[in-house]
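What the coordinates show
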Amino acid sequence: MNKKSVLVIHGGAGVISKSTISEEREQLFLNSLKNILVAGKKLLKQGGTSLDVVQEAVRLLEEDPIYNAGKGSVFTELGTNEMDAAIMDGTNLKAGAVGGVSIIRNPIIAARAVMEHTNHCLLVGKGAEEFAKSKNLEIVDPSFFFTQNRYDQLLRAKEEKKLILDHDGESLLEKEKEKEITATTSTATISVGVDPIDPKYKMGTVGAVCLDSFGNLAAATSTGGMTNKMHGRVGDTPIVGAGVYANKNVAVSSTGTGEAFIRTVAAFDIAAMIEYGGLSLKEASNKVVMEKLITVGDGGVICVDKFGNVEMPFNTEGMYRGYVIIDNNCENDGNDIINVSIYK
């Protein structure tokens with residue numbers, strides 16, 4: 001038995017608006033992350049595999065509408081939801097993914113099915129949905145994914161697109177400052193319904209990486225994509241090596257500007273630096289995120305290596321993130337560690 005088991009999760013990265021967030025709203029995110037880590041810890045304590053644990057962690061993230069994945073997915077330019085997800089088993093390099101799906105309740109479960117029941121790595125659109133139906137996965141009406149908050153973000157994004165055509169960026173930013181949804185009193189400024197990470201600049205993705213008690217690694221990522229994205233756009237999430245990667249040495253899940261992670265093959269690059277360059281997890285992940293990725297886009301990654309080391313670098317102002325480390329040599333929970341964070 002491996003001396004420790006580790007689960008790391010993320011719920012997206014982006015620009016922080018700490019000054020406009022209430023303690024209650026901030027605590028909502030922190031409690032959600034912690035609850036999911038507790039659920040993952042329970043599975044690991046029961047002898048769950050890394051593959052099962054990352055799938056369940058991401059499924060729970062998909063079920064919580066505060067995250068841009070599954071139930072909380074953002075809208076495309078057409079006012080529809082198109083979701084992507086991927087999962088990878090580090091023990092054998094098997095992977096499965098779906099892209100552009102709109103009626104599968106939990107895309108991460110469909111991704112696992114692609115990995116285990118086809119000879120392919122990625123199915124998209126109607127083909128992925130028909131496959132999910134054939135495997136009796138839960139299918140829902142597209143209206144299941146409607147949330148007013150996300151739809152309002154779409155309307156706001158469409159409005160800004162028009163404003164950008166008519167005004168320069170500086171003017172637009174000033175208008176956005178004027179439109180902050182705040183109520184100001186003589187003693188305090190109170191924000192209503194605002195995320196800790198500004199939804200306008202939030203790179204909405206969720207993910208998990210895990211090292212189980214058997215020493216096996218796995219990674220999973222899921223997303224609703226970008227608000228007002230083109231119909232048919234697929235980002236890095238379902239692309240093995242970009243949005244997700246796992247091998248015998250490390251497991252990685254990405255969040256950020258999808259096109260940048262594709263261009264830099266960020267997740268695989270971390271694994272390659274470790275395997276071929278002899279870098280530590282900290283060195284490899286920071287080099288990719290803080291030196292390479294930052295030149296073409298924003299975001300972060302969560303990583304765990306075969307030794308149980310955890311790294312969560314990001315070049316944005318914040319990233320919803322957390323981890324649990326389980327001491328497998330201790331019968332009680334006394335040595336276990338759970339940590340959740342949003343800001344740097």
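Residues numbered from 1 in each chain as written. Predicted model: local features only at pLDDT ≥ 70, side-chain atom pairs only at ≥ 80, totals over all residues. Heavy atoms only, no water.

**Remarks on the overall build of the chain**
For clarity, the cut-off: Helix and strand assignments follow DSSP, with helices taken as H or I runs no shorter than four residues and strands as E runs no shorter than two, numbered in order from the N terminus. Per-residue accessibility, obtained with a 1.4 Å probe over protein chains only, is compared with the maximum for each type, and a residue is labelled buried under 20%, exposed over 50%, and partly exposed between these values. Pairs of residues are marked as contacts when any of their non-hydrogen atoms sit within 4.5 Å. To be clear on the numbers: accessible area is Shrake-Rupley with a 1.4 Å probe, and residue cover counts the displayed protein chains and nothing else.
Across its full length, the chain holds nine helices and 14 strands. Out of the 344 residues in the chain, the part that is buried amounts to 55%. The contacts of the chain with a sequence gap of at least 6 include a subset with a gap of at least 24, amounting to 71%. Accessible surface, the chain as shown: approximately 15,000 Å² in total, 53% of it carbon and sulfur.

**Brief notes about the nonpolar core**
We apply this condition: Here the nonpolar core consists of buried residues drawn from Ala, Val, Leu, Ile, Met, Phe, Trp, Tyr and Cys, with membership extended through side-chain atoms lying within 4.5 Å.
If you look at the biggest cluster of nonpolar residues, it comprises 47 residues, and the most contacted ones within it are Leu-7, Ile-9 and Ile-87. If we skip the residues at most four places from it in the chain, Leu-7 touches Leu-37, Gly-40, Leu-44, Val-53, Ala-57, Ala-208, Val-209, Cys-210, Gly-322, Tyr-323 and Val-324. In this structure, Leu-217, Ala-260, Phe-261 and Leu-281 belong to the second largest nonpolar core, which totals 40 residues.

**Quick notes on the packing of aromatic side chains**
Applicable threshold: Pairing of aromatic rings covers Phe, Tyr and Trp, the last counted by its six-membered ring, and requires centre-to-centre distances within 6.5 Å; plane angles under 30 degrees mean stacked, over 60 mean edge-to-face, and any other angle means tilted.
Taken as a whole and judged by the stated rule, the model has eight aromatic pairs. Measuring from ring centre to ring centre gives 6.2 Å for Phe-29 and Tyr-67, while their planes differ by 85°; the resulting arrangement is edge-to-face. Taken as a pair, Phe-29 in helix H1 (residues 23-45) and Tyr-67 in the loop between helix H2 (50-63) and strand E2 (83-89) lie far apart in primary sequence, 38 residues in all. On the basis of an interplanar angle of 85° and a centroid distance of 6.3 Å, the ring pair of Tyr-67 and Tyr-320 is categorised as edge-to-face. With a gap of 253 residues between them, Tyr-67 in the loop between H2 and E2 and Tyr-320 in strand E13 (residues 318-327) connect regions that are remote in the sequence.

**Digging into the sheet that holds strand E11 (residues 299-305)**
For clarity, the cut-off: In short, DSSP must find at least two bridges between two strands for them to pair.
Across the sheet, which stays open at both edges, the four strands sit in the order E9-E10-E11-E12 with antiparallel pairing between neighbours. What marks the edges here is a single partner per strand, and that holds for strand E9 (244-246) and strand E12 (310-311). Bridge analysis of E11 against E12 gives two bridges, and the strand direction is antiparallel. Among the inter-strand pairings, Cys-303 is bridged to a residue of E12, identified as Glu-311.

**Observations concerning the confidence of the model for the chain**
Just so we agree on the cut-off: How sure the predictor is of each residue is captured by pLDDT, a score from 0 to 100.
On average, residues of the chain score 89 in pLDDT, and 86% of them reach the 70 mark or higher. Predicted confidence for residues 162-175 stays below pLDDT 50, and this span has seven contacts to residues more than four positions away or in other chains. Taken together, the stretch residues 180-193 has pLDDT below 50 and engages in 15 contacts with residues farther than four places along the chain or on a different chain.

**Points about the side chain of Glu-82**
Note the following rule: For this analysis, a polar contact is any N or O atom pair within 3.5 Å, provided that within protein one partner can donate a hydrogen and the other can accept it, and provided that sequence-adjacent residues contribute only side-chain to side-chain pairs.
Among the secondary structure elements, Glu-82 is positioned in the loop between H2 and E2. A polar side-chain atom of Glu-82 sits 2.5 Å from a polar atom in the side chain of His-231. Polar side-chain contacts of Glu-82 include one of 3.0 Å to the backbone nitrogen of Gly-232.

**Considerations on the sheet that holds E2**
Our working definition: Lines are fitted to the C-alpha atoms to define the axes, a helix being fitted only along its stretch in contact, and any angle between axes, read from their N-to-C directions, falls within 0 to 180 degrees.
Spatially, the eight strands line up as an open sheet ordered E4-E3-E2-E8-E7-E1-E13-E14, and their pairing is mixed. What marks the edges here is a single partner per strand, and that holds for strand E4 (122-124) and strand E14 (337-343). Between one strand and the next, the sheet's axes are offset by a mean angle of 5°, whatever the strand orientation. Relative to strand E7 (residues 206-211), strand E1 (residues 4-14) runs antiparallel, the two sharing five bridges. Of the residues in E7, the one forming a bridge with Ile-9 is Ala-208. Strands in contact with H1 are E1, E7, E13 and E14; relative to E14, the strand with the most contacts, it is inclined by about 150°. Relative to strand E3 (residues 94-101), helix H4 (residues 125-134) is tilted by about 115°, and along the sheet it contacts E3 and E4.

**Brief notes about the pattern of salt bridges**
Put simply, the rule is: Any Lys or Arg side-chain nitrogen found within 4 Å of a carboxyl oxygen on Asp or Glu counts as a salt bridge.
Per the counting criterion, the structure on display carries 15 salt bridges. Note that Lys-287 and Glu-291 form a salt bridge whose closest N and O atoms lie 3.2 Å from each other. One end of the pair, Lys-287, and the other, Glu-291, are both in helix H9 (residues 281-292), four residues apart, so they sit about a helical turn from each other. Residues participating in the shared-partner salt-bridge network are Lys-41, Lys-45, Asp-333 and Asp-336.

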